[in-house]
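Inside the fold
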Amino acid sequence: MSEAGEDIFDEAPEVAEAERLTLDLDGWEGPLDLLLSLARTQKVDLREISILELVEQYLAFINDAKALKLEIAADYLVMAAWLAYLKSCLLLPKEEQEDPSPEELALRLQLRLQRLNAMREAGARLMARNRVGRDVFLRGAPEGIRVIRKSRWQAELYDLIAAYGQLRARTEPAVHIVAHRPVMTLEAALERLERLVGQSVDWATLESFLPDSADDGYRKSALASSFVAALELARQGKAEIQQDEHFSDLMVRQGK
């Protein structure tokens, strides 16, 4: 057996002499845990051990020990099963099998025994804790928990400036200043276009009726107002509008 397998049986249960499983076999007479300890060091020939007698003595031991703890009986059952497996490994021919090796099985068993002991210890610690109503008692008038909170501000220079700007933007009065823009009103465009169209009989472009100005913004405003004024004069019958094709010059003359 490997070192992993040798450490398995170090977890043998500590029991009283009356609860110890003692075997009386052809090749062995003594406790089961001692038999396993000697078997792992190859000081006992397992071929001489009768598995049938081992099982019968184990069953007789369980039947006689009525008050035996379940944990001790389970540990002895694992030891007996492992002993039977070790003997089967000695008797069977050495062939390549897909099953895990005895060393790997021994390591698995060791881990399971460790987990079992850990669960037992955890359960014992839980059951040994103080219980409310038996060991400890609650107060008759329990008090609430007072929570004290302290703010710890962390901010950089940018955060401070941004917060100050937002605060000033909310408190600063809004001032709306309308920039002065030279525009031609619709009334002025209607009066100018009606006067100029009355003086011309032939067709003329709408741009020719616009006032002379170097301000480009004012010329755009005059063009828009003159276009609306031309539509109004055409509706009244005081002017005629003609356009040969899309996006071509708009021609205007006096209405007949």
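Our subject is the structure listed above.
Attention here is on the structure that accompanies the text. Keep in mind that this is a model prediction, so the values were computed, not measured. (Residues numbered from 1 in each chain as written. Predicted model: local features only at pLDDT ≥ 70, side-chain atom pairs only at ≥ 80, totals over all residues. Heavy atoms only, no water.)

Grouped together as the largest cluster of nonpolar side chains are 15 residues, with contacts concentrated most on Leu193, Val197, Leu206, Phe209, Ala239 and Val252. Elements supplying a minimum of two residues to this core: helix H7 (186-199) and helix H8 (216-236). With four residues, H8 is the single largest residue contributor to this core. Setting aside residues no more than four positions away along its own chain, Val197 makes contact with Phe209, Lys238, Ala239, Val252, Arg253 and Gln254. (Core = buried A, V, L, I, M, F, W, Y, C linked by side-chain atoms within 4.5 Å. Buried < 20%, exposed > 50% of the residue type's maximum accessible area, 1.4 Å probe, protein only. Helix = DSSP H or I, 4+ residues; strand = E, 2+ residues; numbered from the N terminus. Contact = heavy atoms within 4.5 Å.)

Bringing the sheet that holds strand S3 (residues 204-205) into the picture now. Pairing in this open sheet of three strands is antiparallel, and the strands run S3-S5-S4 from one edge to the other. The open sheet is flanked by S3 and strand S4 (239-242), the only strands paired with a single partner. Judged from the two bridges that link them, S3 and strand S5 (residues 251-254) form a sheet pairing that is antiparallel. Paired with Thr205 across the bridge in S5 is Met251. (Pairing = 2+ DSSP bridges.)

This brings us to a nonpolar patch on the surface. Taken together, the side chains of Leu186, Phe227, Val228 and Leu231 present a nonpolar region at the surface, about 330 Å² in accessible area. In terms of residue count, H8 provides more of the nonpolar patch than any other element does, three residues in total. Within the secondary structure layout, Leu231 lies in helix H8. (Patch = residues over 30% accessible without salt bridge, like charges linked within 9 Å, V, L, I, M, F, W, Y side chains within 5 Å. Areas by Shrake-Rupley, 256 points an atom, 1.4 Å probe, with all protein chains shown as cover. Salt bridge = Lys/Arg side-chain N within 4 Å of Asp/Glu carboxyl O.)

Below, the discussion takes up the environment of Arg253. Within the fold, Arg253 resides in strand S5. The class of Arg253 is buried, set by a relative accessible area of 18%. Here the alpha-carbon distance between Arg253 and Ala239, two residues 14 residues apart in the chain, equals 5.7 Å.

Further remarks concern the packing of H7 against H8. Between two packed helices, the angle of one axis relative to the other and the distance separating the axes together describe the packing. Following both chains from N to C, one finds H7 and H8 inclined at 60 degrees, their axes separated by 8 Å at the closest point. Between H7 and H8, the crossing angle belongs to the class labelled oblique. The element H7 and its partner H8 pack so that their crossing is right-handed. Contact residues: Leu186, Ala189, Leu190, Leu193 and Glu194 in H7; Ser225, Ser226, Val228, Ala229, Ala230, Glu232 and Leu233 in H8. (Axes fitted to C-alpha atoms, helices over the stretch in contact; angles between N-to-C directions. Parallel < 35°, antiparallel > 145°, perpendicular 65-115°, else oblique. Left-handed = near helix turned anticlockwise from the far one by under 90°.)

It is worth spelling out the pattern of salt bridges at this point. Here the structure, examined in full by the defined rule, presents six salt bridges. Among the salt bridges present, the one from Arg253 reaches Glu240, with a minimum N-O distance of 3.0 Å. One end of the pair, Arg253, is in strand S5; the other, Glu240, is in strand S4, and 13 residues separate them in sequence. The exposure class of Glu240 is partly exposed, given its relative accessible area of 24%.

Nothing here speaks to function; it is geometry throughout.
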